[in-house]
Amino acid sequence: MDHFEKVLEQYTPMISAIIRKLHIYRDFEVYRQAGKVGLWQAYNRFNDTKGNFTPFAYRSIYGAILDELKHEARFTSQVTVVENENFEELIDSRWTDELPEWLDRITLTAEERKLLEVLFVEGRSLSEQAVLYSLSLAGMKKRRERLLKKVRRQLPKDKADIFRV
C-alpha cells in the first residue's frame, strides 16, 4: 500500500492533465477521485512484461474519467433538478383531470371515449389496458392508433396541432 501512495503522488499531475484535456470545468474532486480509482486499477492489473506502466496508467485513468463523465451525463439526462418555485406555471394547460370539451364535438363510441379517458386522463398503461380488454399489447397499440387517427380526422382546425407527432 505504501508503494501505491508513491505511485499516486507521482501520477497526480497526470490525473489533473487528463481532467484539463477533457475540458472538465466542474466537480473536479469527483473526476479526480475517478482518476485515482483508474490509477489504482491500473496499478493492480499492470504486468511489467507487457510494457511500460506510464502509458498503461494514462489509458486507465483516461478511461475511468470518461466512464464517470458518461455516468454523469446519463444521470443528468434522466434526472432534472428543479429549483424554481414557479414550476407550477410551466404545467401545460392541456393536462387536466378530464377530457377536453372540444372532444365532445367528435363522434366517438362510449368504449372509444372510455379508452381515451383511461389512457390520457387516468394515465394507465397500454399493457394494463391490453389485459383488461383481453388483447395483446400489439393489438392494444393498434386500437389506440386507430382511435387517434379517427380523432385527428374529426379535429376542429384550431386543435389540429395537439395530436401532431
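Details of the structure are given in the entry above.
No experiment lies behind these values; they were computed from the predicted model shown.

Let's shift gears to helix H6 (residues 137-154). Its 18 residues place the ends of H6 26 Å apart at the C-alpha level, agreeing with the 26 Å of an ideal helix rising 1.5 Å per residue. Where H6 is concerned, the buried positions are Met140, Leu147, Leu148 and Val151. Viewed end-on, H6 has its buried residues packed into an arc of 100 degrees, placing them on one side of the element. Every exposed residue of H6 that faces more than 90 degrees away from the buried side is listed here: Ala138, Arg146 and Arg153. On the buried face of H6, the contacting elements are helix H4 (110-121) and helix H5 (126-132).

The biggest cluster of nonpolar side chains holds 17 residues, and the ones touching the most others in it are Tyr11, Ile18, Leu39, Phe53, Ile61 and Ile65. Among the secondary structure elements, those contributing two or more residues to this core are helix H1 (2-21), helix H2 (28-45) and helix H3 (53-78). Broken down by element, this core gets its largest block of residues, 7 residues, from H1. Setting aside chain neighbours within four positions, we find Tyr11 in contact with Leu39, Phe53, Thr54 and Ala57. The next biggest cluster of nonpolar side chains, apart from the first, holds 15 residues, and it includes Ile106, Leu116, Leu119 and Val151.

Here is what the cut-offs are and how they apply
Residues numbered from 1 in each chain as written. Predicted model: local features only at pLDDT ≥ 70, side-chain atom pairs only at ≥ 80, totals over all residues. Heavy atoms only, no water. Helix = DSSP H or I, 4+ residues; strand = E, 2+ residues; numbered from the N terminus. Expected span 1.5 Å × (residues − 1). Buried < 20%, exposed > 50% of the residue type's maximum accessible area, 1.4 Å probe, protein only. Arc of directions from axis to C-beta. Contact = heavy atoms within 4.5 Å. Core = buried A, V, L, I, M, F, W, Y, C linked by side-chain atoms within 4.5 Å.

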